[in-house]
Amino acid sequence: MSTKVSRSLGFRIAVGIGAVSLVAGLAAACDSESSGSGSDTVYFGVSGPKTGGSAEYGRLWQQGFDLALDEINAAGGIDGKKVALKWEDSQSDPKQTVPIATKFVGDQSIIAELGDFSSPASIAASPVYNRGKLVQYGFTNSSVDFTKGGDYSWSPSITLDVFQERNAEWVKSKAKKVSVVYLETDWGKQAFKFFEQFAKEKGIEIAYSSPILPDSQDFRPVLIKGRDANPDAFVHLGYGPDGALVVKQLRDVGFTGQFFGGQNTPQFIDLAGSAAEGDIVNGVFTPSDPSPKIQSFVTKFKAKFNTDPGDFNVYAYDALNVLVKAAKTGGATREGVLKGLREVKDFDGIGLGTFAFDQQTRRPSGVKPIELVLQNGKFVPVGSKK
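Residues numbered from 1 in each chain as written. Predicted model: local features only at pLDDT ≥ 70, side-chain atom pairs only at ≥ 80, totals over all residues. Heavy atoms only, no water.

Trainee: Explain empty space enclosed by the protein here, please?
Mentor: Left-over empty space is what a probe sized like a water molecule reveals as it rolls over the atoms. Inspection of the entire model under this criterion finds 1 cavity of 30 Å³ or more. Approximately 620 Å³ is the volume found for the largest cavity. The set of elements that each furnish at least two residues to the lining of the largest cavity consists of α5 (160-172), β8 (233-237), β10 (280-283) and α11 (311-330). When residues of the lining of the largest cavity are assigned to their parent elements, the largest contribution, 7 residues, is made by α11. (1 Å grid on protein atoms, 1.4 Å probe; cavity = no way out; pocket = protein on both sides within 12 Å on 5 of 7 lines; lining within 4 Å. Points joined across faces, edges and corners; volume = space filled by probe spheres on them. Helix = DSSP H or I, 4+ residues; strand = E, 2+ residues; numbered from the N terminus.)

Trainee: So what exactly am I meant to see when it comes to the layout of surface pockets here?
Mentor: Taken as a whole, the largest pocket encloses approximately 490 Å³ of empty space. Taken together, 22 residues line the largest pocket, and the ones lying closest to its centre are Gly 53, Ser 54, Pro 214, Tyr 239 and Asp 242. Sort the elements by how many residues they give to the lining of the largest pocket and helix α8 (residues 240-252) lands first, with 5 residues. A breakdown of the residues in the lining of the largest pocket according to their chemical character gives 11 nonpolar, 8 polar and 3 charged. (Nonpolar A, V, L, I, M, F, W, Y, C, P; charged D, E, K, R; others polar.)

Trainee: Teacher, can you tell me more about unusual backbone geometry here?
Mentor: One can expect most non-glycine residues to show negative phi and most peptide bonds to be in trans. With an omega of 5 degrees, the peptide bond between Gly 115 and Asp 116 qualifies as cis. For Asp 116, the position within the fold is in the loop between β3 (110-115) and α4 (119-131). For Ser 92, which is not glycine, the phi torsion reads 55 degrees and is therefore positive. Take Ser 92: it is sitting in the loop between β2 (82-89) and α3 (94-106).

Trainee: Would you explain the sheet that holds strand β4 (residues 136-137) in this entry?
Mentor: Hydrogen bonds along the backbone pair up the strands of a sheet, which may run parallel or antiparallel. Across the sheet, which stays open at both edges, the 5 strands sit in the order β2-β1-β3-β4-β5 with parallel pairing between neighbours. Among the strands making up the open sheet, the edge pair consists of β2 and β5 (153-154). Bridge count for β4 against β5 is 2 bridges, and the pairing is parallel. Bridge pairing in β5 places Gln 136 opposite Ser 153. Against the sheet, α11 contacts β1 (41-48), β2, β3 and β4, and its axis sits at roughly 155 degrees relative to β3. (Pairing = 2+ DSSP bridges. Contact = heavy atoms within 4.5 Å. Axes fitted to C-alpha atoms, helices over the stretch in contact; angles between N-to-C directions.)

Trainee: Just to check I follow, could you spell out the environment of Val 298 for this structure?
Mentor: Relative to the helices and strands, Val 298 is located in helix α10 (residues 292-305). The spacing of Val 298 and Asp 308 is 10 residues in sequence and 6.6 Å in space, taken between C-alpha atoms. Not counting residues within four places of it along the chain, the set of residues in contact with Val 298 comprises Phe 285, Pro 287, Asp 308 and Pro 309.

Trainee: Mind showing me how you'd approach the pattern of salt bridges here?
Mentor: Per the stated rule, a full pass over the model turns up 19 salt bridges. Across the salt bridge formed by Asp 70 and Lys 304, the nearest N and O atoms sit 2.8 Å from each other. In this pair, Asp 70 is assigned in helix α2 (residues 55-74) and Lys 304 in helix α10, connecting sequence segments 234 residues apart. Residue Asp 93 is joined to Lys 95 by a salt bridge in which the shortest nitrogen-to-oxygen separation is 3.5 Å. Residue classification places Lys 95 among the exposed residues on the basis of a relative accessible area of 68%. A single salt-bridge network, built from bridges that share partners, covers Arg 166, Glu 169 and Lys 202. (Salt bridge = Lys/Arg side-chain N within 4 Å of Asp/Glu carboxyl O. Buried < 20%, exposed > 50% of the residue type's maximum accessible area, 1.4 Å probe, protein only.)

Trainee: Where do I start with helix α6 (residues 186-201) in this structure?
Mentor: For an α-helix, the turn length of 3.6 residues means that residues three or four places apart are oriented alike. Compared with the 22 Å implied by 1.5 Å per residue over 16 residues, the 23 Å span of α6 between its first and last C-alpha is a close match. Looking at the buried side of α6, the elements it contacts are α4, α5, β6 (177-183), β7 (205-212) and β8. Phi for Gly 203, located one or two positions after α6, is positive at around 80 degrees. (Expected span 1.5 Å × (residues − 1).)

Trainee: Got a minute to help me understand the pairing of β7 in this structure?
Mentor: A regular strand places its side chains on the two faces of the sheet in alternate fashion. As defined by bridge partners, β6 adjoins β7 across 7 bridges and the pair is classed as parallel. Counted as the bridge partner of Lys 177 is Glu 205 from β7. Between the parallel pair β6 and β7, the chain is carried across by α6, and the sense of this crossover is right-handed. (Right-handed = clockwise from strand over helix to strand, strands pointing away.)

Trainee: I keep staring at the packing of α2 against α11 and nothing clicks. Help me out?
Mentor: The description of two packed helices rests on the angle between their axes and on the distance between the axes. Where α2 meets α11, the axes come as close as 7 Å, and the angle between the chain directions of the two elements is 40 degrees. Relative to α11, the element α2 lies oblique. The two elements α2 and α11 meet at a crossing, and its hand is right-handed. Counting all contacts with α2, which are made through Tyr 57, Leu 60, Trp 61, Gln 63, Gly 64, Phe 65, Leu 67, Ala 68, Leu 69, Glu 71 and Ile 72, the residues of α11 involved are Phe 312, Asn 313, Ala 316, Tyr 317, Leu 320, Asn 321 and Val 324. (Parallel < 35°, antiparallel > 145°, perpendicular 65-115°, else oblique. Left-handed = near helix turned anticlockwise from the far one by under 90°.)

Trainee: How do you make sense of the packing of aromatic side chains when you look at a structure like this?
Mentor: By convention here, two paired aromatic rings are described through the distance between centres and the angle between planes. Enumeration according to the criterion identifies 24 aromatic pairs in this entry. Between the aromatic rings of Phe 234 and Phe 255, the centroid separation amounts to 5.6 Å while the plane-to-plane angle is 70 degrees, which identifies the pairing as edge-to-face. Of this pair, Phe 234 sits in strand β8 while Phe 255 sits in the loop between α8 and β9 (258-260), placing them 21 residues apart in sequence. For the residue pair Phe 234 and Phe 255, the accessibility class agrees, reading buried in each case. Taken together, a centroid distance of 4.8 Å and an interplanar angle of 50 degrees make the contact between Phe 301 and Phe 305 tilted. Here the residue Phe 301 and the residue Phe 305 both occupy positions in helix α10, the gap between them amounting to 4 residues, near one helical turn. In this structure Phe 301 comes out as buried when scored by relative accessible area, which is 0%. Through successive ring pairs, a cluster of aromatic residues spans Tyr 57, Phe 117, Trp 187, Tyr 239, Phe 312 and Tyr 315. The side chain of Lys 86 reaches across the aromatic face of Tyr 43, ending 4.6 Å from its centre. The positively charged end of Lys 193 is found above the aromatic ring belonging to Phe 194, 4.7 Å away from the centroid. (Phe/Tyr/Trp six-rings, centres within 6.5 Å; stacked < 30°, edge-to-face > 60°. Lys NZ or Arg CZ within 6 Å of the ring centre and 35° of its normal.)

Shown next as structure tokens:
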């Protein structure tokens, strides 16, 4: 072989080796980015409402997340890496959650997703998260169908069947005959289906029922029909803003009986005002709980935000802490978070206490809601002294 040919061949070999090394280096860099090892920050994605009709829930989430981030990062984050969030405003709209899911799956720095607020918005995006093998942690998704989306769809939320069975128990203690309004959404229809089932089992007569549109401002025509059925109590299955309108307009049309509905949020309490005094709701948390753990959380929250925490602050605070513990256990990667959710037996929440996930349902095992009543502008456990 001539020297010229030998040199040419050597050059091509060197170039080939360099190209292989470059490809290997890029692959290693991609692996590093996927695992988070190439960055000093571990990211979680949040798909949730910051604007639109459900923006209040995003605001409450933000407070819970902010307090959790303060504590998590002060304690060293995840293996010394800072924890941060990447937010996308979904308005809790299924048409927006799907492209957000695509964006999060494509962002290899994100190791898990939190949200969305409503079950329909989350369920629409579940196929994207499951195909992309990114944990979707729908921490306020009570629809029984949400975790059926696949192995990567998880939720700590108590399901609608459990909520409505307890709701029917509490209604039975106050009423034999009720009128019911429920949101004209998949979630609302499912909530009513379960309430109707358990009401029948417990001997409660539903004298009148009707769906209501989430964005309506005048429910009086429906409420008058419900009033004229002469119920002992009125049951509302929906959210805070519509619940506040329902109870105020119920009082406007002359219904003075027991109300079950709305939500444990500052927005509901403020909007409903005195019309909601005595209202009974399902909840997971009350700041009046005397346990040292709860009171420590309440003290820290009030110091930061100058107000008592409510359910949706707690949902977000607990959710981020759960995913961080999962990542610390299984590794700060997408598969590591999944591994942690499967293996940890002692997640410790403010709202749910100590729990583990049922691996078939990907829901907490054995947790139940508590009964809260609105007294003097605050939700407290039923039976508390005024």
